[in-house]
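# Understanding the architecture of this molecule
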Number of protein chains: 2
Amino acid sequence: MAYVFGADIGGTTVKLGLFGSDENLIEKWEIPTRTENGGVQVVPDVAASILAKMKERGIAKEEVLGIGMGAPGAVDDDGYMSGGAVNLGWAPFNLKDAAEEATGGIPVIAANDANVAAYGEMWKGGGRGNSNVVAVTLGTGVGGGIIVGGRLLTGATGAGGEIGHIHIVDEETEVCGCGHCGCLEQYASATGVVRLARRRLAEDDKPSVLREGEVSAKTVFDAVKAGDAVAVEIAERFGYYLGKGLAAVANVVNPEIFVIGGGVSKAGEILLSFVEPNFQKYVFPPCRHARFSLAQLGNDAGIVGAAGMVFEKEKVNAG
Amino acid sequence: MAYVFGADIGGTTVKLGLFGSDENLIEKWEIPTRTENGGVQVVPDVAASILAKMKERGIAKEEVLGIGMGAPGAVDDDGYMSGGAVNLGWAPFNLKDAAEEATGGIPVIAANDANVAAYGEMWKGGGRGNSNVVAVTLGTGVGGGIIVGGRLLTGATGAGGEIGHIHIVDEETEVCGCGHCGCLEQYASATGVVRLARRRLAEDDKPSVLREGEVSAKTVFDAVKAGDAVAVEIAERFGYYLGKGLAAVANVVNPEIFVIGGGVSKAGEILLSFVEPNFQKYVFPPCRHARFSLAQLGNDAGIVGAAGMVFEKEKVNAG
């Protein structure tokens, strides 16, 4: 038998998955992420958990094709994290080398967590069957992962696909987390939707269910579904910014499909109905055939994508 | 001996080059592009010229590793041109298959001409030594070609790298060739610079050498070099739009280097001095290390890049 492990290293937990030679998930589990002391225990903990799982199931080292790994920071093609990982306390180091040493030489492929999740959605999720995919994660921020010709677009420093910081509004005065003003993330993330709602509600006194209780991306899209006119206006502004931003992305990488995930995407298909018309308005005509779908793997995208990178590499080497 | 041919098919002429196994150009020549009758003669003409050159030099078919070909339209990874080539009169067809048939089975790699030129600049020009390169051509329009991890970014329909049509100005009322308003091409191409100049000159009566004679991208940048204050303002606006547009591109593909070519780039290094500060202002910090250089291969970029694609493919197959 041949096995592959996938590891998705987050700030609170590390998600782990064991996959069989049929490329399907056999078992998944989690361990806590110990970020104290600069996160020095994280890689040894992941390695120990994988080695323990191998022992438990009687899997020999020779049966493991490799370990795929996603981490919350920029990772270059050699596994080096030039900026470390702020959420884990990591200073710059080579994740691939460290993980291979800690596991006693099992081959490791390491990449940025958003990119790994994007790879998962291409391999087995909302982008299945396509090899030019842009995955967009609408969460606290706006993340992205791009697959070109079946391969992850990593870029020079591992920051490829960071589409949340495309500048899209000149007049913005609030500052984004990156230090600039007017980034896509300021309008299309969960917090961005709340900002758009707050601004719209302040413009006049038009009645809206959003004037009662706390406003979130969820309450906005719930109100849209209930026919609330103010909420629809907010969703239209959200769709305008995101559609325009994704049109710029399409002009650069010409994808077959956008896969939209993250908390905001839980609104469902109705969300896409606000984005697509704006995308069509701004995209270069030869790139307009890009389709939109919702992410399907949820929290498993990371472990699935991590394992997928290993399986695909094996195929390239074998073919 | 092993040989490679490069062909750059343009609307007026086809540029051809013969390269030796040391990857250097042995000879280059041109033939006219016969666009009449839907351009049916173009591929047979190119094939005949290559076969004649082989006969002239006593090169056997087995000695030719392949022919690289650039054409003015979208070309997918299989060589199919889904939109044909407007400038050549071509309807949709498979260029690779047609060229292989016309040459009696010599392997052909076909790609979009701007992408091929970008590949040339990465291989032997202004982007040499880098594997994540964005080539930008500032000519009549704004074209682009992107190399990611040493491979051309073709995209789903061969329109990858068409960065000239990124939407960047909401208020624009003049229509771009693509049918939208506010594309990067409307400000950063040769005609874009003239538009910016025309608008600036109409704003007031401030003295400028540009008020005498015809205005072109060349006269604007010549005036900048001569210290003309109005010309400097025009160049600053040009730099603002191009810098902002390229920042968006960098956020998507995270290149090591931008290589700027085309007629407008003949202004030289001074042009980059207007672009880089604006790029820095809008780029996501982890992508800010991208450098800027000028294209070096001029009109040879197409044949060099076309041949380079064949040499690199041979290496991948051999390695």
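Residues numbered from 1 in each chain as written. Chains lettered and ligands numbered in written order. Predicted model: local features only at pLDDT ≥ 70, side-chain atom pairs only at ≥ 80, totals over all residues.

## Some details on the interface of chain B and chain A
- Taken together, the 39 residues of chain B in the interface contact 39 residues of chain A.
- For the side of chain B that touches chain A, the element with the highest residue contribution is helix H8 (residues 229–253) of chain B, accounting for seven residues.
- Residue composition of the side of chain B that touches chain A, grouped by class: 19 nonpolar, 15 polar and five charged. (Contact = placed C-beta atoms within 7 Å. Helix = DSSP H or I, 4+ residues; strand = E, 2+ residues; numbered from the N terminus. Nonpolar A, V, L, I, M, F, W, Y, C, P; charged D, E, K, R; others polar.)

## Looking at helix H10 (residues 301–318) of chain A
- Helix length check: H10(A) (18 residues) gives 25 Å between terminal C-alpha atoms against 26 Å at 1.5 Å per residue, within 8%.
- On its buried side, H10(A) packs onto strand S1 (3–9), strand S2 (13–19), strand S3 (25–32), strand S4 (64–71), strand S7 (108–112) and helix H4 (113–124) of chain A. (Expected span 1.5 Å × (residues − 1).)

## Here's the deal with the confidence of the model for chain A
- Per-residue confidence for chain A averages 95 on the pLDDT scale, and 100% of its residues sit at or above 70.
- The ipTM, which scores confidence in the relative placement of chains, is 0.90 for this predicted complex, and the corresponding pTM is 0.91. (pLDDT = per-residue confidence, 0-100.)

## Section: the relation of the copies chain B and chain A
- Overlaying chain B with chain A gives an RMSD of 0.1 Å, the required rotation being 180° about an axis along which the chain moves by 0.0 Å. In the structure described here, the two chain copies are related by an operation that fits a two-fold rotation axis.
- The residues that chain B uses at the interface reappear at the interface of chain A in 100% of cases, marking a shared surface. (Least-squares fit on C-alpha atoms with pLDDT ≥ 70 in both.)

## What about the domain arrangement of chain A?
Residue and element names in this part refer to chain A.
- Taken domain by domain, chain A holds domain 1 (3–119 + 299–318) and domain 2 (129–296).
- Between domain 1 and domain 2, the C-alpha centre-to-centre distance is 29 Å.
- Listed per partner, the contact involves 13 residues of domain 1 and 15 residues of domain 2.
- Secondary-structure elements contributing two or more residues to the side of domain 1 that touches domain 2 are S7 and H4.
- With five residues, the single largest contributor to the side of domain 1 that touches domain 2 is H4. (Domains from an automatic or database assignment.)

## Observations regarding unusual backbone geometry
- A positive phi angle, near 70°, is found at A:Glu23, a position not held by glycine.
- Structurally, the position occupied by A:Glu23 is in the loop between S2 and S3.
- Note on A:Glu23: 16 C-beta atoms within 10 Å, which makes it partly exposed.
- Of note in this structure, B:Asn254 is not a glycine but carries a positive phi near 50°.
- Checked against the element boundaries, B:Asn254 lands in the loop between H8 and strand S11 (257–261).
- A count of 29 C-beta atoms within 10 Å places B:Asn254 in the buried class. (Buried ≥ 20, exposed ≤ 12 C-beta atoms within 10 Å, placed from the backbone.)

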